[in-house]
Amino acid sequence: MKFRICDANVFVGNHPFKQLASATLDDTARMFSKLGIERAIVSPIEAVFHEDAHISESMLAKLLNPPRLVQFKVVNPAEPGWPEELRRSMQEWPVAGIRLASLYHGYTFASGTAGGVFDFARENNLPVQVFARMQDIRMQHGIIAAEPKLDDVSHAVRLAGEDVRLLVSGLSLPGISTFVESASPNVFFDTSRLQAGWKALKRIEPRCIKDHLVFGSLWPINSPECPITELAHAGLAPDVLEAVMRGNFERYVGPL
């Protein structure tokens, strides 16, 4: 079955602790062409690890082709100058949304540190993407001190309320199951850490999958090829599969 694909979890650039063989924008474009990925959310991976990623973000913005490739800005609310940096970026390139990597930046959503970011997103109609995890815990660098806690993810969901479009990335199937049945229509979950849980998706109410699940590969840390094949053979109804692979992406980011 042929279906259109959008990827909500893509990075380009150099990971400081992991050798990535295919990390450039050209590599990513070739992968998109090979697999038929039409749209994606992209950020430079340096923005997660570097204190000042303005140059890498600006350089990437000049190379992208929105609205097919839309760029989210990685924001660290633990840094006092984040509002000014975010406004500066919005003046220079089309910021399509905000990414938050709390485990990498040393704060929790329960602490209230990110509350101002959600307020900013609400005022500017920007979607927010929260990374519960970006790698298997066995492969993470020692800079990441702890496993993500589901109760902290619940604080992020509460900060989003019912009016900030929120995508939670990196949860396993049990983690997604914890939230999805009671999630508001503006809250989504990506597939980047489902791993072997594709067939087990049938344990979740199809309505919840159709309304809240978004395909995200976490390229180039993960390859999209296997999960795309697995999803296609997971036994999902055609309308549910279409929602996961494209429809919910467009509800979250906006149509082409």
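Bear in mind the structure is a predicted one, so any value in this text is a computation, not a measurement.

Engineer: Lay out the pattern of salt bridges in plain terms, naming residues and giving numbers.
Structural biologist: Oppositely charged side chains are able to pair whenever their charged atoms sit close together. In this structure the tally under the stated criterion is 13 salt bridges. Between Glu-38 and Arg-4 there is a salt bridge whose closest N-O contact spans 3.1 Å. Note that Glu-38 is positioned in strand 2 (residues 37-44) and Arg-4 in the segment before strand 1 (5-12), a separation of 34 residues in sequence. The partner of Glu-242 in a salt bridge is Arg-246, with the nearest N and O atoms 2.3 Å apart. With Glu-242 and Arg-246 both in helix 11 (residues 238-253), this residue pair falls four residues apart, about one helical turn. Residue Arg-246 is classed as buried on the basis of its relative accessible area, which comes to 18%. A network of salt bridges, in which partner residues are shared, links Glu-57, Lys-73, Glu-85, Arg-88 and Glu-92.

Engineer: If you had to explain the nonpolar core to someone new, which residues and values would you point to?
Structural biologist: Soluble globular proteins: nonpolar side chains tend toward being buried together. Ranked by internal contacts, the top residues of the largest apolar core, which has 65 residues, are Ile-98, Leu-100, Phe-118, Phe-189 and Leu-201. For Phe-118, the residues in contact, after removing those within four places along its chain, are Leu-100, Phe-109, Val-128, Val-130, Ala-156, Leu-159, Ala-160, Val-164 and Leu-166. If you look at the next biggest cluster of nonpolar residues, it comprises twelve residues, including Ile-45, Val-74, Ala-101 and Leu-218.

Engineer: Can you break down the packing of helix 7 (residues 150-160) against helix 8 (residues 173-180) residue by residue, with the values?
Structural biologist: Between two packed helices, both the angle of their axes relative to each other and the distance between the axes serve to describe the pair. Running from N to C, helix 7 and helix 8 cross one another at 40°; their axes reach a closest spacing of 11 Å. Comparing their axes, helix 8 and helix 7 come out oblique. Classified by chirality, the crossing of helix 8 by helix 7 is right-handed. For the pair formed by helix 7 and helix 8, the contact residues are Leu-150, Val-153 and Ser-154 on the first element and Gly-175, Thr-178 and Phe-179 on the second. Residues that form the contact of helix 7 with helix 8 fall into these classes: three nonpolar, three polar and no charged.

Procedures and definitions
Residues numbered from 1 in each chain as written. Predicted model: local features only at pLDDT ≥ 70, side-chain atom pairs only at ≥ 80, totals over all residues. Heavy atoms only, no water. Salt bridge = Lys/Arg side-chain N within 4 Å of Asp/Glu carboxyl O. Helix = DSSP H or I, 4+ residues; strand = E, 2+ residues; numbered from the N terminus. Buried < 20%, exposed > 50% of the residue type's maximum accessible area, 1.4 Å probe, protein only. Core = buried A, V, L, I, M, F, W, Y, C linked by side-chain atoms within 4.5 Å. Contact = heavy atoms within 4.5 Å. Axes fitted to C-alpha atoms, helices over the stretch in contact; angles between N-to-C directions. Parallel < 35°, antiparallel > 145°, perpendicular 65-115°, else oblique. Left-handed = near helix turned anticlockwise from the far one by under 90°. Nonpolar A, V, L, I, M, F, W, Y, C, P; charged D, E, K, R; others polar.

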